[in-house]
Amino acid sequence: KTIYLSEYRVPDFLVDHADLRFELFEDGARVHSSLSIRRNPEAHGQGSPLELNGDSLQLQSVHLDGRELAKDEYEDRSDLLVVPSVPDAFELRVVTWIEPQNNTRLEGLYKSSGMFCTQCEAEGFRCITFFPDRPDVMARFRTRIEADKAAYPVLLSNGNPVDSGELDNGRHFVTWEDPFPKPSYLFALVAGALVEKNDTFRTMSGREIDLRIYVEPRNADKTAHAMDSLKRSMRWDEETYGREYDLDIFMIVAVDDFNMGAMENKGLNIFNSSCVLARPESETDMAFQRIEAIVAHEYFHNWSGNRVTCRDWFQLSLKEGFTVFRDSQFSADMGSPTVKRIEDATLLRTAQFAEDAGPMAHPVRPASYMEISNFYTLTIYEKGNEVVRMIHTLLGPELFRKGSDLYFERHDGQAVTTDDFVRAMEDASGRDLSQFRLWYEQAGTPVLTVEDDYDEASQTYRLTVAQSIPDTPGQTGKKPQHIPFALGLLAANGTDIPLTLAGEHSAGVTTRVLELTEKSHTFEFTGIASRPVPSLLRNFSAPVRVNYPWTRDQLMFLMSHDSDGFNRWDAGQRLAVEVIRELSGHAEAEVDPRLVEASRTLLNDRDADQALVAKMLQLPTEAYLIELADKPDVQIIHHARERVVKVLATALREELLDCYRRQQPAEPYQVTPEDVASRSLRNMALSWLLHIGDEGALSLALGQFESATNMTDQAGALRALVNSPFEAERGRALEAFYQRWHQDPQVVEQWFSIQAASPVTGDLPSVRRLLEHEAFDWKNPNKIRSVVGAFAGQNLVHFHDQEGSGYRFLADTIRRLDDSNPQIAARLAAPLTRWRKFAPVYSEGMRKALESVRDKDGLSRDVYEIVHKSLAD
Ligand code: ARG
Ligand code: ZN
């Protein structure tokens, strides 16, 4: 069944207060819910029956205003509790029985390594009790939790603790009250034997907030980084957005079994362990940075998501796009803004552009869905971030802040739409964003085709920019969008030319944001003394593709001279893409020596920002090369890229060794942009050299593997060894690593994914063996992602085996997981959905694999939607 935005109706009933009592046992949980309900004065259907959502609930009793209802006074459909005749305001008491210990879907209330925890977004609350489970119904929650005191000494829910005490039979209770009305998706409960790490934060108005991170005892030494990140986030949101925290306590809980990264439940954020726990010995730089960003993201949701929430799930990007924008600004401020921009653009261009070009393409504000869990996508999150960023670019920082202040003030305590957000930005700035709204409505990645011509006689440079937006499923003939297009022009000496458009007087700035609103524009720059090299879409000012015929020499020139760091990097990527493409399918073609020289220059440039150098030396990934190609042949792309690595490593051996020796960050371990860049360069040098079987590098790698004091270096050495031709050393290192770390599930996940993603150790039979490994667990999403996800998402040469064995393996895995965890099953299907893009030797096998999933009996709604949309013509 498909749900449409156009069919939105306000709720018939509102819930003012939800009083919940949980009795937690080993064989199940009894949930007593007492709701004060009244008819919504704004609803049309006065007199309509009361309908509450439910899922997998055993109904025990229903009371209306204190009177137990007879069986014929209500209807218990499996997904709905219907009470046909109710007064205008009443108290409904419902008792349900649920089995958290058997909940493998990890939606609603479930158990993870012995503790009870919840995940309610988007529609998990209905797996706990009957409720109008939609975000525009906001209630004040009071939650009493009862459990065995020895097994579950810690009992948590949203808000502030208001009561606690002892019960019979060694049981106890704690009552929590959340003063802020909230939708059910923000409800949370945790019960377990957890240790508590404390800190405090003084807010800008001088209130003292109690900060707590709860973890299993074995993780007690992994909370410091998250706590620091939390305090930095709280300070930053005050300084940058004027947002202060509103409860007296803020809690974070780490759980091992979690479908996603983390969840912003009011006052009680619940995190996937891998997104919150870290110490230098066992987690990498990447993990440290990811944790800082996710802690910030969930914290920022307290305003962009919780205080102001979504009217319906079509508006998901209202909170996600804006919050990703906020966390990306935060990460930029905490580290290197250019590197952060490169990372965001890389993810967008590799994965979101692919989504936008595939069968699941949807607008930032979708018009319909079957299963909302399938719409927690790169488009909602990352393209949604870019859309907010473009508003920021168009308005400038001051007006944007005015707009966000107005948005929070106007809509505090409300459930609103992306349109309300844009309107606040318009009202605060006086700008007309009506055409800009198309970014929310039209799917597909706009393509900008740029042509230029220079007239020496009149010293004018003319630039023509045409935009087009490809058709996507159900959407054709799109209108031009409002695109902020930042650009600069470089003079022959490499400096930026001040930009003056024809008809303007004063000499302009060197970067201008042109606003594209028509199908095509021509801009005329005057006073240009010689033919410039254009630097287009500076800092990736819009989520679009840009086509312009730069020569390789121009790209080399931009790589060393562009004042825009992002475009220096982008020029390098374009050069590498061209060089790799040229080799594809031409075994005898030579690697363009200009790429070797450009890389040599970078390696030798000690004055340049090493964080940018580290990024620039990374070759485009196979996934990106595939995304750019038409009917790609994966095997050919893989081998072409491999050849380039070999040529670079061979030609630059001395420089790489020198770089390796030079890049030694001082102790103690720190996650600064400088140190991260150092370790990244060092490990890249190592991996390139091991790739060509360099014996000298082998001993460096073994030494580093033995003596590393942080996981970035230890895993870096392991990865380099795994991807090297040194078979014996590779096996020994893998074994030693496992022996050392087998008690730490997060490190074991890294160990799995290094192997499953490797072209050397990640052939299908070996991946199957990983699934038989003692540490593998089909119930744990992180383990599935670290083996199956890494194989299908990163190990493209084996996944796209031309016999189709990789596809059949993935299809089998999806069918297996469909019953136990449909959300994870549906996510794993993503690589297969792109079947139409590939050359026929691949696409046939991918399609067959999808069909075999489609034909499974009792397919979940999650997988059904993905598979049917991918196979539809
Ligand atoms: N709101 C969470 C976040 O972005 C993600 C929750 C996703 N849950 C889901 N069932 N898809 O931080
Ligand atoms: Zn979020």
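Reading the values: rules and limits
Residues numbered from 1 in each chain as written. Chains lettered and ligands numbered in written order. Predicted model: local features only at pLDDT ≥ 70, side-chain atom pairs only at ≥ 80, totals over all residues. Axes fitted to C-alpha atoms, helices over the stretch in contact; angles between N-to-C directions. Helix = DSSP H or I, 4+ residues; strand = E, 2+ residues; numbered from the N terminus. Parallel < 35°, antiparallel > 145°, perpendicular 65-115°, else oblique. Left-handed = near helix turned anticlockwise from the far one by under 90°. Contact = placed C-beta atoms within 7 Å. Pairing = 2+ DSSP bridges. Buried ≥ 20, exposed ≤ 12 C-beta atoms within 10 Å, placed from the backbone. UniProt positions renumbered as here; feature names shortened; annotations may be inferred. Near = placed C-beta within 6 Å. Nonpolar A, V, L, I, M, F, W, Y, C, P; charged D, E, K, R; others polar.

## Points about the packing of helix H6 (residues 397-411) against helix H7 (residues 418-429)
And step 1. The interhelical angle for the contact between H6 and H7, taken along N-to-C directions, is 125°, at an axis separation of 8 Å. Relative to H7, H6 is oriented oblique. Judged by the twist between their axes, the crossing of H6 over H7 is right-handed. Across the interface between the two elements, Leu399, Lys402, Gly403, Leu406, Tyr407, Arg410 and His411 from H6 touch Asp420, Phe421, Ala424, Met425, Asp427, Ala428 and Ser429 from H7.

## Thoughts on the sheet that holds strand S2 (residues 13-25)
And step 1. Read across the sheet, eight strands follow the order S6-S5-S9-S3-S2-S12-S15-S14 without closing on themselves; strand pairing throughout is mixed. The open sheet terminates on both sides in strands that have one partner only, identified here as strand S6 (67-68) and strand S14 (160-166).

## A few points about the environment of Asp246
And step 1. Mapped onto the secondary structure, Asp246 falls in the loop between helix H1 (224-241) and strand S19 (249-255).
And step 2. The class for Asp246 is partly exposed, based on 17 C-beta atoms found within 10 Å.
And step 3. Spatially, the C-alpha atoms of Asp246 and Ala415 are 18 Å apart, while their sequence positions differ by 169 residues.

## Some points on the UniProt feature "domain: Peptidase M1 membrane alanine aminopeptidase" (unreviewed entry) in the protein chain
And step 1. Those residues carrying the UniProt feature "domain: Peptidase M1 membrane alanine aminopeptidase" (unreviewed entry) are residues 226-436 in this numbering.
And step 2. When the span residues 226-436 is considered, its composition is 55% helix and 9% strand, and the gap between its end C-alpha atoms is 37 Å.

## Concerning the packing of helix H17 (residues 695-707) against helix H18 (residues 711-722)
Axis angle and axis distance: for two packed helices, these are the angle between their axes and the distance between the axes, and together they describe the pair.
And step 1. Running from amino to carboxyl end, H17 crosses H18 at an angle of 145°, the nearest separation of the two axes being 8 Å. Regarding H17 and H18, the two cross each other, and that crossing is left-handed. Here H17 contributes Ala701, Gln704 and Phe705 to the contact with H18, which in turn contributes Asp713, Gln714, Ala717, Leu718, Ala720 and Leu721.

## Concerning helix H12 (residues 610-617)
And step 1. Of all eight residues that make up H12, eight are buried, and the element is covered over most of its length.
And step 2. Those residues of H12 lying buried are Gln610, Ala611, Leu612, Val613, Ala614, Lys615, Met616 and Leu617.
And step 3. The inward-facing, buried residues of H12 abut helix H4 (337-356), helix H10 (565-583), helix H11 (593-604) and helix H16 (673-691).

## Description of unusual backbone geometry
And step 1. Cis rather than trans, the peptide bond between Glu121 and Ala122 has omega equal to -5°.
And step 2. One can find Ala122 in the loop between strand S11 (115-119) and strand S12 (139-148).
And step 3. For the bond running from Glu667 to Pro668, omega is -5°, close enough to zero to count as cis.
And step 4. By the element assignment, Pro668 lies in the loop between helix H15 (653-662) and H16.
And step 5. The phi torsion at Asp65 lies on the positive side, around 45°, for a residue other than glycine.

## Notes on the site of ligand 1
And step 1. In the vicinity of ligand 1, the residues found are Glu121, Ala122, Asn259, Met260, Ala262, Met263, Glu264, His297, Glu298, Glu320, Ser373 and Tyr376.
And step 2. Secondary-structure elements contributing two or more residues to the shell around ligand 1 are strand S20 (262-263) and helix H2 (285-300).
And step 3. Residues that form the shell around ligand 1 fall into these classes: five nonpolar, three polar and four charged.

## Some points on the UniProt feature "domain: Peptidase M1 alanyl aminopeptidase C-terminal" (unreviewed entry) in the protein chain
And step 1. What UniProt calls "domain: Peptidase M1 alanyl aminopeptidase C-terminal" (unreviewed entry) maps, in this numbering, to residues 553-872.
And step 2. Secondary structure over residues 553-872 splits into 73% helix and 0% strand, and the C-alpha atoms at its two ends are 45 Å apart.

## What to know about the pairing of strand S8 (residues 80-83)
And step 1. On S8, burial follows the alternation: Leu81 and Val83 on one face are buried, whereas Leu80 and Val82 on the facing-out side are not.
And step 2. Strand direction decides the pairing type here: strand S4 (residues 50-53) and S8, joined by four bridges, are antiparallel. Counted as the bridge partner of Glu51 is Val82 from S8.
And step 3. The antiparallel hairpin formed by strand S7 (residues 75-77) and S8 contains two residues in its connecting segment.

## Description of the sheet that holds S4
What links the strands of a sheet is backbone hydrogen bonding, and the strands pair in either a parallel or an antiparallel sense.
And step 1. Strand order in the open sheet formed by three strands is S4-S8-S7, and the pairing between neighbours is antiparallel. At either end of the open sheet lies a strand with only one pairing partner, and these are S4 and S7. Each strand axis lies, on average, 15° off the axis of its neighbour in the sheet, ignoring direction.
And step 2. With three bridges joining them, S7 and S8 adopt antiparallel strand pairing. Its bridge partner lying in S8, Asp76 is registered against Leu81.

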